[in-house]
Each structure stands twice: as C-alpha cells, then as structure tokens.
Amino acid sequence: MVKKMKTWSMFKLESALPDGFVALLGDALQGEAFTPPASSTSLEARSGWVLPEDMLSTSFEDVNAWLFNQYAFLVLRTDQKVLPSKLYAAEVARRVSAWCRENSRERAPKGIKAEIAEQVKMEMAQRVLPKTTLVPIVWNVHEGTVCVGTHAQGNLDLVRKYFRRTFNSGLVIDDAGVLPPEVVEARFGEEIPPTFNTDFLRWLWYASETGAVARSSWWVGDRITISKQAEEKPHVVVRGEDAARIAAGRTALRDGTVRGLQLCLRKEDREYTCNLDADLRVAGAKLPVLVKSGDLAEQLYERMFLVEDLVHAVRTLAMEFAFLRGRPEAWAAHVAQVATWAGGD
C-alpha cells in the first residue's frame, strides 16, 4: 500500500503529545481498532484502525507490524453497505403492487409501504457486501507530521476525527505550500495575501516559460488548469511546443486564474513529477524508485524520504516566491511583465 501513495495531504499535530506517548500508541489504537457491525443487515458506516499489510488484522500488540523507528504506518478502514437504489426501488414497487392485487386495493396504506420497504431493505442488506475504503497514514511521531494518502474531504474529515478520538490531538493542515510562521511574519505581517496560492502557480508558469527566474532544477510540465472565476469549473490547457497551444494558454491566462499545474523537479539524481492544485496540495506524484525490492520498513523509509524531499522542494519554491510577493514594488513590476507576456506583446 505504501508504494501506491501518489496523492497525499500533509498535516501536523494541533498540540504536542506528552512525553512517553509512543509507548501508549498500541493501547490507543487497540481502543479504536476496526470492529465489524453486530448485525449483518446494518447499513451504518463502521470505521477503525487496521494493520498496514492486512486489512483483516486489528491487533496492535506487536509494534513491529506498524511502528518503524519514527514512522507509525496506520490504515483507517471504513466499511459501509450500500443498497443498489434502482433495484431496491423496483423490488419495493413490485411487492407493493402485489399486495394491492391480493387485497383488491388501488393503493397500499403508508404503513404497509413502510413495512414492505423495511423488509426489502433487510433482505438486500443481508446479501450485499460492504464497500471498503482504506486510507493510508504515515505519522512521523518524532516531528509530529502526518501524511494522509487522500484528498477526498470526507476521508480527511474522518481521519481528523479519529486522530482526535484515538490520540486526543487534532490535525492542522501543513501542505507543501504552507509557509512557516516566521516567513509569513517577515514577508507579509500577520497573514499572507488571499491570492498567494494562485499567484504562486502563475509565477511558476511564467518563470518556466520565460526563464525569468534562474531555474536548473524545476520546470512546469504540460498540463495547466485555468478558470475565469474561482467558482467556475476549471478547464485544462495542454502545453507544448506548438505555437497555437502556447497562444491559447496565454489567452486563457490573461482572462483567468491558474488553478493547478504539473510541476517537475530534479534534485541530484532524483526526478519528481506532481500536480499542484490551488491549495498547493500534491496529487498524482511520480516519485523515483530507489529500492526495487525490500520489506515494508525499507519501502516505507524510501517513500517517506521521497515524499518529504518533494514537499520540502515545493515549500522552498513557495518561500522564494514569498520574497517577491512580499515586496510591493517588485510585485507590481512582475504583474506588469506577466500581463505583457500573456498579451503576446
């Protein structure tokens, strides 16, 4: 599962945990381990912790199965049975019609309809298998950073809920574009401009196209997402060497806002490709493979080294941009340059 983590959201602990808490993690996880529903007809969602290599294993007694030096590798499992809605409605209608014929009635009373619907629901729930969702989580217990392998808001909310329930600590967003507090204070005062993220994406694109920023280790790939308004559905501009494509991209940039792009980076002999959205979250990451084979611990160490390496690289770029964005005169000159470039002048 660790090799499949290509999209993730980064968090950090809301509050520091007490000394010696690592020794208590197993008991805390066991208290919120996944348990199946008591009834096979239950349609209620069930969530809980399972081991990373076996979704059926819920014993956390052996710490070597989920704790690897500073990394706790956890998986939050959610099971929920979902009835096939069209089939359910058709079966209820069929039985209601049959009841009306048997009882010489044009319509069935509400109570009868409710009774039939409940019976059909129980019968179907008995036969249907649950839909299982697995969310991988890697927690650096020394540094307090938490890498959650999803962007789905419902799953993220559930992870944050279970972290608080299990470890008595909330999670706050710490994605790649989140600047350290000292940088925010030095460049912007109390808070960063509301358009910082999309301005940063536009700066990446402009710098990649024009070479306005010295860059030997990064470039923008061939997918850029633009929208004319924040609430409008974005559309994708595919970049390339074709002059028509470049012109279309410039026109879209002049009239709209960059909502996402593909970023490529090179660090030493390692190459990364990822998508950045308007929240500066990493998705669809293509990471280099250093360890071709190995046990779970080796795979985990490699994956987290690469994830943290990529996040650090993106954050470094964001801090470089903050230096420009935080100087009004320099920023105004840059905006004018981008407008000229986008206009094709």
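Going by the structure above, here's the rest.
Residues numbered from 1 in each chain as written. Predicted model: local features only at pLDDT ≥ 70, side-chain atom pairs only at ≥ 80, totals over all residues. Heavy atoms only, no water.

Draft legend 1. Fine view of the packing of aromatic side chains. Tallying each qualifying case throughout the model produces 19 aromatic pairs. Taken together, a centroid distance of 6.4 Å and an interplanar angle of 40 degrees make the contact between tyrosine 71 and tyrosine 301 tilted. Separated by 230 residues along the polypeptide, tyrosine 71 in strand 4 (residues 71-80) and tyrosine 301 in helix 8 (residues 296-325) bring together distant segments of the chain. Since its relative accessible area comes to 31%, tyrosine 301 is described here as partly exposed. Ring geometry for tryptophan 203 versus tryptophan 218: centroids 6.0 Å apart, planes at 35 degrees, classification tilted. Residue tryptophan 203 is located in helix 6 (residues 196-210), and its partner tryptophan 218 is located in strand 8 (residues 218-227); the two are separated by 15 residues in the primary sequence. Each member of the pair, tryptophan 203 as well as tryptophan 218, carries the same accessibility label: buried. Cation over ring: arginine 77 sits above phenylalanine 34, and NZ or CZ is 4.1 Å from the ring centre. Over the face of the ring belonging to tyrosine 162 we find arginine 165, whose NZ or CZ atom lies 4.5 Å from the ring centre. (Phe/Tyr/Trp six-rings, centres within 6.5 Å; stacked < 30°, edge-to-face > 60°. Helix = DSSP H or I, 4+ residues; strand = E, 2+ residues; numbered from the N terminus. Buried < 20%, exposed > 50% of the residue type's maximum accessible area, 1.4 Å probe, protein only. Lys NZ or Arg CZ within 6 Å of the ring centre and 35° of its normal.)

Draft legend 2. Spotlight on the side chain of glutamine 262. Within the secondary structure, glutamine 262 sits in strand 10 (residues 257-267). Glutamine 262 sits in the buried class, given a relative accessible area of 17%.

Draft legend 3. View of the pairing of strand 4. Among the 10 residues in strand 4, nine count as buried, and that is most of the element. Here five bridges tie strand 2 (residues 46-50) to strand 4, and the two strands are oriented antiparallel to one another. From the neighbouring strand, serine 47 faces strand 4, where its bridge partner is threonine 78. As defined by bridge partners, strand 3 (residues 67-68) adjoins strand 4 across two bridges and the pair is classed as antiparallel. Across the sheet, residue phenylalanine 68 finds its bridge partner in strand 4, namely tyrosine 71. Counting the residues between successive antiparallel strands, the hairpin from strand 3 to strand 4 contains two residues, one of them, asparagine 69, with a positive phi of roughly 55 degrees. (Pairing = 2+ DSSP bridges.)

Draft legend 4. Structural view of the pattern of salt bridges. Applying the stated criterion across every chain yields a total of 15 salt bridges. The partner of glutamate 91 in a salt bridge is arginine 95, with the nearest N and O atoms 2.7 Å apart. Within this pair, glutamate 91 and its partner arginine 95 are both found in helix 2 (residues 85-102), separated by four residues, close to a single helical turn. For arginine 95, a relative accessible area of 22% puts it in the partly exposed group. Note that aspartate 309 is salt-bridged to arginine 270, the shortest N-O span being 3.0 Å. Here the residue aspartate 309 occupies a position in helix 8, and arginine 270 occupies one in strand 11 (residues 270-277), the gap between them amounting to 39 residues. Exposure remark for aspartate 309: the relative accessible area of 9% places this residue in the buried category. For arginine 270, a relative accessible area of 9% translates into the label buried. Members of the salt-bridge network, linked through shared partners, are Glu91, Arg94, Arg95 and Glu123. (Salt bridge = Lys/Arg side-chain N within 4 Å of Asp/Glu carboxyl O.)

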